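# Notes for the structure review
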Amino acid sequence: MSAPRSPLALPFPDLPPLAGVITRTARAGYKDWERCDLTFVELPPGTAVAGVTTRSKCPSPEVDWCRTALADGNARALVVNAGNANAFTGRRGAAAVEAITARVAAHLGCAPSDVFVASTGVIGTPLPIDKAHAGLDTAFRAAPCSWRETTAAIGTTDTFEKAAMATAMVGDTKVTLVGIAKGSGMIAPDMATMLGFVFTDAAVAPGFLQTALSVANAGTFSCITVDSDTSTSDTLLAFATGTAGNRPITAPDDAGADAFQAALADVCHQLATLVVRDGEGATKFITVAVTGATSDASAHRVAMSIANSPLVKTAVAGGDANWGRVVMAIGKAGEPADRDRLAISFGPTWVAKDGQVVPDYDEAPVAAHLASSMVDIGADLGLGVGRATVWTCDLTHGYISINADYRS
């Protein structure tokens, strides 16, 4: 992590160990850097898995593998490669995934389909199988490492490690959820984030775990954007080991199901907003709330149009209370809108109502709000009860500098 630490970074949380979850890292050398870039997570037999992946039409072979493996609902291991996305690599990329899963399966004595894989980094370069084999062999022999070391090893342009935890009561049993994620640029998740992994000691049936994760993702990872670009490798996986000893959650009306769902959503929300806080070049965290839309789905699309607008984002970066740019972003969203019912706010201050600037508009409190690191933009369309909230960051010269030098 050579770039300066994001000014929006939060401290790494104190994460507890989870029984049966063993993490190890190694330096495979996928990129010319002096750091670990291969992560191997061993999971106990009986671990359930669920996941959501990118909707990109050019997915990596790792994404293809996970989609197929998720059908069984079982997991024994996770391997994460950083520095090489292994996407757009043809048969060679798929062969690398097959080689990795076969080697881990032989090591653990499980089926290759029980091994999940994710890669992140440069697109277009096949993952070197020899480096993967050597890195795995080193990881197999390595001492278990901390959550922070594990999180650091999955990063690319990240400037700080992203992790979160939550607990829930399932019957009389306390269960724990720990999540880690990476992501800084190429962030406009469509079903997932760059890479995110949640581990829990709760006993949860694969079917319910999948439902819970999909719901959690819809209101968190699928509501963030840094630069409007959806990755070829976006993957969010959840693993439930069952080591806490609770009665398995199999359906929404089971004891503790609501509490578990809430805890999972909490972890996903924490991780998703941490990704935005580490947006490449970001100096301000922006919450966009849209109300009064014809539906929640319509509100979401309008909110994402605002959050993805380079003009809105650069205005926020410069502290410019240019509400006309918000109007522009709403108008281009392709959703129902009426300019004469539209109202816009920055922070607690309404700057426009009924399609025009408010009488006696005073820009001073708005300018003060935009000078802070936490910025709120509100838009009420005045058409219905649909609402949505999304999170983004400002767009600065730092984003250009990071991405102009990405492959060097």
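Summary of the structure given here. (Residues numbered from 1 in each chain as written. Predicted model: local features only at pLDDT ≥ 70, side-chain atom pairs only at ≥ 80, totals over all residues. Heavy atoms only, no water.)

## Some words on the side chain of threonine 392
Assignment of secondary structure puts threonine 392 in strand 14 (residues 386–393). A polar atom in the side chain of threonine 392 sits 2.7 Å from the backbone oxygen of threonine 225. Ignoring any residue separated from it by four or fewer positions in sequence, one finds threonine 392 in contact with Thr225, Val226, Val276, Lys284, Phe285, Ile286, Ala307 and Lys313. (Helix = DSSP H or I, 4+ residues; strand = E, 2+ residues; numbered from the N terminus. Polar contact = N/O pair within 3.5 Å; in protein donor to acceptor, adjacent residues only side chain to side chain. Contact = heavy atoms within 4.5 Å.)

## Regarding the packing of aromatic side chains
Applying the stated criterion to the full structure yields four aromatic pairs. Here the aromatic rings of phenylalanine 40 and phenylalanine 140 are separated by 5.1 Å at their centres, their planes lie at 75 degrees, and the arrangement is edge-to-face. Linking phenylalanine 40 in strand 2 (residues 38–53) with phenylalanine 140 in helix 3 (residues 129–141), this pair joins segments that are 100 residues apart in sequence. Per residue, the accessibility class of phenylalanine 40 equals that of phenylalanine 140, and both read buried. One aromatic cluster is present, formed by Phe116, Trp147, Phe199 and Phe239 through successive ring pairs. Seen from the ring of tryptophan 33, arginine 35 lies directly overhead, with NZ or CZ sitting 4.0 Å from the centre. Over the ring of phenylalanine 160 we find lysine 162, and its NZ or CZ is 4.6 Å from the ring centre. (Phe/Tyr/Trp six-rings, centres within 6.5 Å; stacked < 30°, edge-to-face > 60°. Buried < 20%, exposed > 50% of the residue type's maximum accessible area, 1.4 Å probe, protein only. Lys NZ or Arg CZ within 6 Å of the ring centre and 35° of its normal.)

## Thoughts on the pairing of strand 1 (residues 22–26)
Walk down a regular strand and you will see the side chains alternate between the two sheet faces. Of all five residues that make up strand 1, four are buried, and the element is covered over most of its length. When strand 1 meets strand 2, the two strands line up antiparallel, connected through five bridges. Bridge pairing links arginine 24 to phenylalanine 40 in strand 2. (Pairing = 2+ DSSP bridges.)

## Structural notes on the sheet that holds strand 13 (residues 374–380)
Strand order across the open sheet formed by six strands is 12-11-10-13-9-14, with mixed pairing between neighbours. In the strand order of this sheet, the two ends are held by strand 12 (356–357) and strand 14, each with one partner. Two strands pair when backbone bridges link them, and strand 10 (residues 343–346) and strand 11 (residues 349–353) are joined in this way by three bridges, in the antiparallel orientation. Pairing of isoleucine 344 across the sheet is with alanine 352, part of strand 11. The sheet strands contacting helix 8 (residues 310–317) are strand 9 (285–293), strand 13 and strand 14, and the helix crosses strand 13 at an angle near 135 degrees. On the sheet, helix 9 (residues 323–331) packs against strand 10, strand 11, strand 12 and strand 13 and is oriented at approximately 130 degrees with respect to strand 10. (Axes fitted to C-alpha atoms, helices over the stretch in contact; angles between N-to-C directions.)

By themselves these figures say nothing about function.
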